Amino acid sequence: MNYIEKLLTNVSIDSLKLTLLRTAYVKKGSFLAQFDPRIVILWYSIFAILPWFVHNTTVLLLFFFTMVIIASLSRISGFILVMLSFTTFCNLISIIVLTFFLGGDIEAFLAILTLTLKLVTVALASVAVFASLDPEKFSDALLSFGLPGQVSFGVSYGYRMIPILIEEYHQIINSYRLRGRIPKKKGFLRWRQLFYMGKIAVLAFYPMILNTAKRTRTTVEALEVKGFTYALNHPEAKKLKLSYLKVRTKDIVLLASTCLFLSISFYIGSIYPL
Amino acid sequence: MQSNIGPTNQQGQSQKLMVFVLSMALFGLGDLVTELVPDIGIGSIEFGVPYFGFIGLILVMLFNPLYAALGAAVGEVVFGDLLMGDFGGLGEIEGVLTLFIGLYIAGLLVKNLNSKFSIAIAGMVGIAVEQVLGGLADCIKVWVGVEDLEAIQGLPESIVILELVECSMEWVIAGVIVGIIPSIILIPKLHGKIEPLLGVKPRQGAYSQVAAGYLLVVSIAVFVGATLFGVIGEAIEIGAWEPDFIDQFGGWFVWVGMAIAAVVLIITLLLRPKSKQDFEHPKAG
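In this text, all values refer to a predicted model and were calculated from it rather than measured experimentally.

Right, let's talk about the overall build of chain A for a bit. Summing up its helical and strand segments, chain A has 13 helices and 0 strands in all. Helices (α) and strands (β) of chain A occur, in sequence order from the N terminus, as α-α-α-α-α-α-α-α-α-α-α-α-α. Per-residue burial over chain A gives 28% buried out of 274 residues. Partitioning the intrachain contacts of chain A with sequence separation of at least 6 by distance along the chain shows that 81% fall at a separation of at least 24.

Scanning chain B from terminus to terminus reveals 9 helices and 2 strands. Moving toward the C terminus, one meets the helices and strands of chain B in the order α-β-β-α-α-α-α-α-α-α-α. Burial status across chain B gives 44% buried among its 285 residues.

So, about the interface of chain B and chain A. On the chain A side, the residues contacting the 58 residues of chain B number 60 residues. Within the side of chain B that touches chain A, the residues separate by chemical class into 39 nonpolar, 16 polar and 3 charged.

A few words now on helix α3 (residues 65-82) of chain B. Residue and element names in this part refer to chain B. In this model α3 runs 24 Å from its N-terminal to its C-terminal C-alpha over 18 residues, within 8% of the 26 Å that 1.5 Å per residue would give. The largest bend in α3 comes to about 25 degrees, at Gly75. Of all 18 residues in α3, 17 are buried; the element is thus mostly enclosed.

What follows concerns the nonpolar core. Counting residues in hydrophobic clusters, the biggest one holds 83 residues, and the most contacted among them are Val21(B), Ile58(B), Leu59(B), Met61(B), Ala69(B), Ala106(B) and Val125(B). When residues of this core are assigned to their parent elements, the largest contribution, 13 residues, is made by helix α1 (residues 13-36) of chain B. Beyond its immediate stretch of four places on either side in the chain, Leu59(B) contacts Leu22(B), Ser23(B), Leu26(B), Ala68(B) and Ala72(B). In terms of nonpolar packing, the next biggest core, distinct from the first, is built from 43 residues, Ile112(A), Val120(A), Val146(B) and Leu162(B) among them.

All names here are of chain A. Two elements in contact, helix α4 (residues 57-73) and helix α6 (residues 106-132), have axes separated by 9 Å at closest approach and are oriented at 30 degrees. Taken together, the axes of α4 and α6 are roughly parallel relative to one another. Taken as a pair, α4 and α6 cross one another with a handedness that is left-handed. On α6, the residues touching Thr57, Leu60, Phe63, Phe64, Met67, Val68, Ile70 and Ala71 of α4 are Thr114, Leu117, Lys118, Val120, Thr121, Leu124, Ala125, Val127 and Ala128.

Take the confidence of the model for chain A next. Detailed conclusions should not be drawn from predicted coordinates in areas where pLDDT is low. The share of residues in chain A with pLDDT of 70 or more is 88%, and the mean pLDDT across the chain is 80. Across chain A, helix α10 (residues 205-225) of chain A holds the top mean pLDDT of 90, while helix α1 (residues 2-10) of chain A sits lowest at 52.

To continue, consider α1(B). An ideal rise of 1.5 Å per residue puts 34 Å on 24 residues; α1(B) measures up with 35 Å between its terminal C-alpha atoms. Counting buried positions along α1(B) gives 19 out of 24 residues, so the element sits mostly inside the fold.

This part covers the environment of Thr229(A). Position of Thr229(A) relative to the elements: it lies in helix α11 (residues 228-232). Note on Thr229(A): 15 C-beta atoms within 10 Å, which makes it partly exposed. Each C-alpha atom of the pair Thr229(A) and Gly149(A) lies 9.1 Å from the other, and the pair is 80 residues apart in sequence. Ignoring anything within four residues of it in the chain, the contact list for Thr229(A) reads Glu224(A), Gln13(B) and Leu17(B).

All names here are of chain A. Annotation of chain A at the domain level lists domain 1 (1-30 + 135-243) and domain 2 (31-133 + 249-274). With 8 residues of domain 1 at the contact, the number on the domain 2 side is 11 residues. Looking at the side of domain 1 that touches domain 2 residue by residue, the class counts come to 2 nonpolar, 3 polar and 3 charged.

This paragraph deals with the confidence of the model for chain B. All names here are of chain B. For chain B, per-residue confidence averages 72 on the pLDDT scale, and residues scoring 70 or more make up 59% of the total. Within chain B, no element has a lower average pLDDT than helix α9 (residues 242-280), which sits at 50, and none a higher one than helix α2 (residues 53-62), at 91. Of the regions scoring below 50 in pLDDT, residues 1-6 engages in 6 contacts with residues more than four places distant in sequence or in other chains. Of the regions scoring below 50 in pLDDT, residues 234-251 engages in 12 contacts with residues more than four places distant in sequence or in other chains. Among the scores for the predicted complex, ipTM is 0.75 and pTM is 0.75.

Quick look at the packing of helix α3 (residues 37-49) of chain A against helix α13 (residues 249-271) of chain A now. All names here are of chain A. The N-to-C vectors of α3 and α13 enclose an angle of 10 degrees; their axes lie 10 Å apart at closest approach. If you check the angle between α3 and α13, you find them roughly parallel. Residue-level inspection shows Ile39, Trp43 and Ile46 of α3 in contact with α13, the latter providing Asp251, Leu254, Leu255 and Thr258. Residue composition of the contact of α3 with α13, grouped by class: 5 nonpolar, 1 polar and 1 charged.

Our next topic: the environment of Ala72(B). Along the chain, Ala72(B) falls in helix α3. In sequence terms Ala72(B) and Ile93(B) are 21 residues apart; their C-alpha atoms lie 13 Å from each other.

Within the element layout of this structure, Pro182(B) appears in helix α6 (residues 155-190). Considering only alpha carbons, one finds Pro182(B) and Phe52(B), 130 residues apart in sequence, at a separation of 9.6 Å. Excluding its chain neighbours within four sequence positions, the residues that come into contact with Pro182(B) are Val202(A) and Phe54(B).

Conventions adopted
- All residue numbers here refer to positions counted from 1 along the written sequence of the relevant chain.
- Naming scheme: in the order in which they are written, chains are lettered from A and ligands are numbered from 1.
- Totals for whole chains, interfaces and linings use all residues, but because this is a predicted model, local features are given only for residues with pLDDT of at least 70 and pairs of side-chain atoms are given and counted only at 80 or more.
- Every helix listed is a DSSP run of H or I at least four residues long, and every strand listed is a run of E at least two residues long, numbered separately from the N terminus.
- Every C-beta atom is placed from the backbone, and the number of other C-beta atoms within 10 Å of a residue's own sets its class: buried at 20 or more, exposed at 12 or fewer, partly exposed in between.
- Working definition of a contact: two residues with C-beta atoms, positioned from the backbone, lying within 7 Å.
- Following the grouping adopted for this structure description, the nonpolar residues are Ala, Val, Leu, Ile, Met, Phe, Trp, Tyr, Cys and Pro, the charged ones are Asp, Glu, Lys and Arg, and the polar ones are all others, Gly among them.
- Any helix carries an expected span of 1.5 Å times its number of residues minus one.
- Note that the bend at a residue is defined as the angle between axes fitted to the seven residues ending at it and the seven residues starting at it.
- One nonpolar core equals one set of buried Ala, Val, Leu, Ile, Met, Phe, Trp, Tyr and Cys residues connected by C-beta atoms within 7 Å.
- Axis lines are fitted to C-alpha atoms, over the contacting stretch for helices. Their N-to-C directions set the angle, which ranges from 0 to 180 degrees.
- Our angle categories are set so that under 35 degrees counts as roughly parallel, over 145 as roughly antiparallel, 65 to 115 as roughly perpendicular, and the remainder as oblique.
- A crossing counts as left-handed when the near helix is turned anticlockwise from the far one by less than a right angle, and as right-handed when that turn is clockwise.
- The quantity called pLDDT is the predictor's confidence in a given residue, expressed from 0 to 100.
- Where each domain starts and ends follows an automatic or database-derived domain assignment.

As C-alpha cells, then:
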C-alpha cells in the first residue's frame, strides 16, 4: 500500500527535469571523454560486437575485467550500476528457473552464465561510453559517419525543448487535477486512483499534441528560414559544422592499445582456455 | 498544390520536417513520462508501460507515416535514452528499426480514419509486428551468444517462452491499453483539427495499400524465414534426441507463424472492399 501511495504522490516531474538538465549541461571530464567521439564510437563497436562471437571464457573474462576498470574510470553513477546488476541478476535467475523446469541441467546454467558475461561486458562498455560522451558530440560523430542530419538535429532540439515540453505537460496535468476529482473509493490496491492518474496522463496528451504542433510549425519555419534543409543537403555546410572533430595522437594510441590488448587476450585465451 | 502558401498535400519538404519534429518531440515526451512510472518486475518479465503506443499511432495515422514513424523512433532513442543517460549503444539500433517498421506499417495499413475498426486493426497489427520483430531479435542474440544452443536441453524453449510472455504482455499494454484505446478516442478529435496547425490537408483514405502489404509481407517473410532457418538447422543435424525437439518446438513455432499469416490474410480480405469506397467518395476536408 505504501508503495502505491509513494507512486501517486512522489512521482515528480521536477526530478525528471533535473536529470535531463544534468545529462545535458554537466561538464564531464572522464577518461573516454578526452578522445575524439568518432574514435570512441569505433572503440565501442569493437567491444559491442566482438564478445558475441567469442566462445572462449578466458578471453571473455579478460574483456569483462577491462570493461570494469574502464567503467570505473568513467565515473558512472552508482544508480545505473545497481540497476544494471539487479536486472542482470533477475534475468539470470528467471531463465535458470525456467530452464530447470523444462528439464535442463548444470550445462544450461554454465551456458547462461557465459551469455550473461557477454551481456554484462557489452552493457558496461555502453554505459562507459555513453555516460562520458557529450550527446552533442556523439551526434556530430554520427553525422560525420553519414547518418542523416535529422538525428543530430534531434539531439540538439531535445536539449533545448524537452525541459519546456515537460513543464507544459506538468501544467496540463496539474490543471486536469485541479478541475477533476480523485475517486473517493480506493478500490482494490487503489486501482481506481491509479486508473484515474493513468487516464489523466493519457488525456493530457490531447492539448499537448495540439500545442506541440503549433510550436513545431514555428520551429521548422524558423529553421527553414535559416536554410536547415539546404545545409543538410550540402556537404560544405556539414564540413563546416564538423570541422572541430580532429583525430589526434592520443586517439591513435587508444586504438593501438586496444588492438594490442585484443591480441594479447586472444593469445592468453588460446594458452589457458577455461 | 505544392505552393507554400495554401495547405499542401503533406508533400512539402518543410511539412515533412514538421511531422518529423512533432513526432520526435511528442513520442520522446511520452517515453519520458513512461520512464517515471516504475515497472514491477517478476524475473525478466516486467509489468509496466513500455511506451505510450497511442502517440506514435495517432501521428502515424494522421500524417505522412514515413516521417512520423521515423520521428517516433528517433525520439524514443534521443529523448528517452540518450538524454536520460541511459543509452544502450548498438542494442538501441534494433529498437529503432522495429519501432519504425511497426509504426510505419500501422500508418500505411489504416484506411479510413472515421472507422474505429480500421484504426484498431492497423494499430494492433503495427504494434504486433514491432513486438514480434523485437522478440525475434532477442532470440537471435541468444542464439549467436550461446555456443551450441541446441545441445543444451531446455534452454531454447525457456528463452522462447520468456520472450513470448514478455512480447504479449508488452503488446497488450503498449498496443491495446495505452495503444489503440486512446487512439480510437483521440484520433476523431484530432482529425481535421491538427492538420491546419502544420499547414497540411487532412489525410483522406489510405496512403498506399500496396506498400503496406509489401512491408507486411517482408516482415512476415523475415519471421517465417528465420523460423524455417532454425527448424531446418535442427533437421540437418539430427541427433539422437533431436526429432523430439522438432516436434515440440519447431512444429509449434511454425504454427505460430502460420497463424499470424492467416490473421493478416483475413484482415486484408476484410479491409479490401472498403478501400475502393474511400477512393471513390473522398470526404471533403
